[in-house]
Amino acid sequence: GECTFGDNCYYQHLQCPLNDYIAAARGTSSYAELCQNLEKAKKGEINLLKINELKLSPLNINVQYLSKSAPPSPQMEMRHRKIKTCRAWANGKCPRSNEQCDFLHAWTNPLKA
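So, a few notes on the structure that sits alongside this text. (Residues numbered from 1 in each chain as written. Predicted model: local features only at pLDDT ≥ 70, side-chain atom pairs only at ≥ 80, totals over all residues. Heavy atoms only, no water.)

**Details of the nonpolar core**
Part 1 of the argument: Judged by nonpolar contacts, the single largest core of 15 residues is most densely connected at Tyr-21, Ala-25, Leu-34, Leu-38, Trp-89 and Ala-106.
Part 2 of the argument: Every element with two or more residues in this core is listed here: helix H1 (18–25) and helix H2 (31–42).
Part 3 of the argument: Ignoring sequence-local partners within four residues, the contact set of Leu-34 consists of Tyr-21, Ala-24, Ala-25, Thr-28, Ala-106 and Trp-107. (Core = buried A, V, L, I, M, F, W, Y, C linked by side-chain atoms within 4.5 Å. Buried < 20%, exposed > 50% of the residue type's maximum accessible area, 1.4 Å probe, protein only. Helix = DSSP H or I, 4+ residues; strand = E, 2+ residues; numbered from the N terminus. Contact = heavy atoms within 4.5 Å.)

**Structural notes on the side chain of Lys-82**
Part 1 of the argument: Looking at the secondary structure, you find Lys-82 in the loop between helix H4 (66–69) and helix H5 (87–90).
Part 2 of the argument: It is Asp-102 that comes nearest to the buried, bridge-free Lys-82 among opposite-charge side chains, at 6.5 Å.
Part 3 of the argument: Reaching out from Lys-82, the side chain makes a polar contact with the backbone oxygen of Asn-98 at a distance of 2.4 Å.
Part 4 of the argument: Side-chain polar atoms of Lys-82 contact the backbone oxygen of Cys-101, separated by 2.6 Å.
Part 5 of the argument: When sequence neighbours within four positions are dropped, the list of residues in contact with Lys-82 reads Asn-98, Glu-99, Cys-101, Asp-102, Phe-103 and Leu-104. (Lys, Arg positive; Asp, Glu negative; His and termini not counted. Salt bridge = Lys/Arg side-chain N within 4 Å of Asp/Glu carboxyl O. Polar contact = N/O pair within 3.5 Å; in protein donor to acceptor, adjacent residues only side chain to side chain.)

Here's what the structure looks like:
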């Protein structure tokens, strides 16, 4: 659906597919860097699919080996998944893949919820 609050909404609304947003966050250390990557992708300066294949955490740690053995999140399916940045991902230590984790493996807008 459409949000009637627009820019005044409490929540962040993505202007691109979630997978592109997550790929743009790989290897970054802040929301500002993520936004720069999204702008570069719009201009064709970087390829988000290639970045996504690298499986980098924000600290540039190759986390491909971590996601193979981590169990899925023990929590039930949540209506509001992927709203907050995963703290473990931000520290380069989330053992879950993006699909398994209930939290977002990307930076969120600090001015939004």
